[in-house]
Amino acid sequence: MPRIIPIKDLKNTGDISELCHSSAEPVFITKNGYGDMVIMSMEVYEKTMFLSEVYRKLDEAEASIDKGDVYDAFDALAEIRRKHEL
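Residues numbered from 1 in each chain as written. Predicted model: local features only at pLDDT ≥ 70, side-chain atom pairs only at ≥ 80, totals over all residues. Heavy atoms only, no water.

Asker: Just give me the short version of the overall build of the protein, but keep the residues and values in it.
Answerer: A count of helical and extended segments in the protein gives three helices and three strands. Helices and strands in the protein line up, N terminus first, as β-α-β-β-α-α. In terms of overall dimensions, the protein is more spread out than a globule: its C-alpha atoms have a radius of gyration of 23 Å, far above the 12 Å expected for 86 residues. With respect to the three principal axes, the spread of C-alpha positions in the protein is 65 × 30 × 20 Å. Here the protein holds 86 residues, and 12% of them are scored as buried. (Helix = DSSP H or I, 4+ residues; strand = E, 2+ residues; numbered from the N terminus. Rg over C-alpha atoms; globule rule 2.2 N^0.38 Å. Buried < 20%, exposed > 50% of the residue type's maximum accessible area, 1.4 Å probe, protein only.)

Quick look at the structure:
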């Protein structure tokens, strides 16, 4: 369940840091009852960025497949062996 706190609670930085690390997900900050910011631990940020990159690369791969920009694995390996004299 997402954690949502008002912006006035940002005064307690130690508590906010502990909350970010214990929840292992982003903490949403509201201002005047509306969403304003999101904070998270470095671990959650790095995991989020890693997954985003994986999904981006998967999208690129699927687009290549859709365009027909693919190679037969046996032909590709034979070309690599020939190129590197293996």
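Once you've had a look at it, read on.
Asker: Can you tell me about the pairing of strand S3 (residues 34–39), naming the residues and giving the values?
Answerer: Looking at chain direction, strand S2 (residues 27–31) and S3 are connected through five bridges and run antiparallel. Of the residues in S3, the one forming a bridge with Lys 31 is Tyr 34. Here S2 folds back onto S3 in antiparallel fashion, the turn holding two residues, of which Asn 32 has a positive phi close to 55°. (Pairing = 2+ DSSP bridges.)

Asker: If you had to explain the sheet that holds strand S1 (residues 3–6) to someone new, which residues and values would you point to?
Answerer: The strand order S1-S2-S3 describes an open sheet built from three strands, whose pairing is mixed. If you trace the sheet from one side to the other, it starts and ends with S1 and S3, each paired once. On average, each strand axis in the sheet is tilted by 35° relative to the strand beside it, whichever way the strands run. Where S1 meets S2, four bridges bridge the pair, whose relative direction is parallel. Counterpart to Ile 5 in the pairing with S2 is Ile 29. Where helix H1 (residues 13–23) meets the sheet, it contacts S1, S2 and S3, and its direction lies at approximately 170° from that of S1. (Axes fitted to C-alpha atoms, helices over the stretch in contact; angles between N-to-C directions. Contact = heavy atoms within 4.5 Å.)

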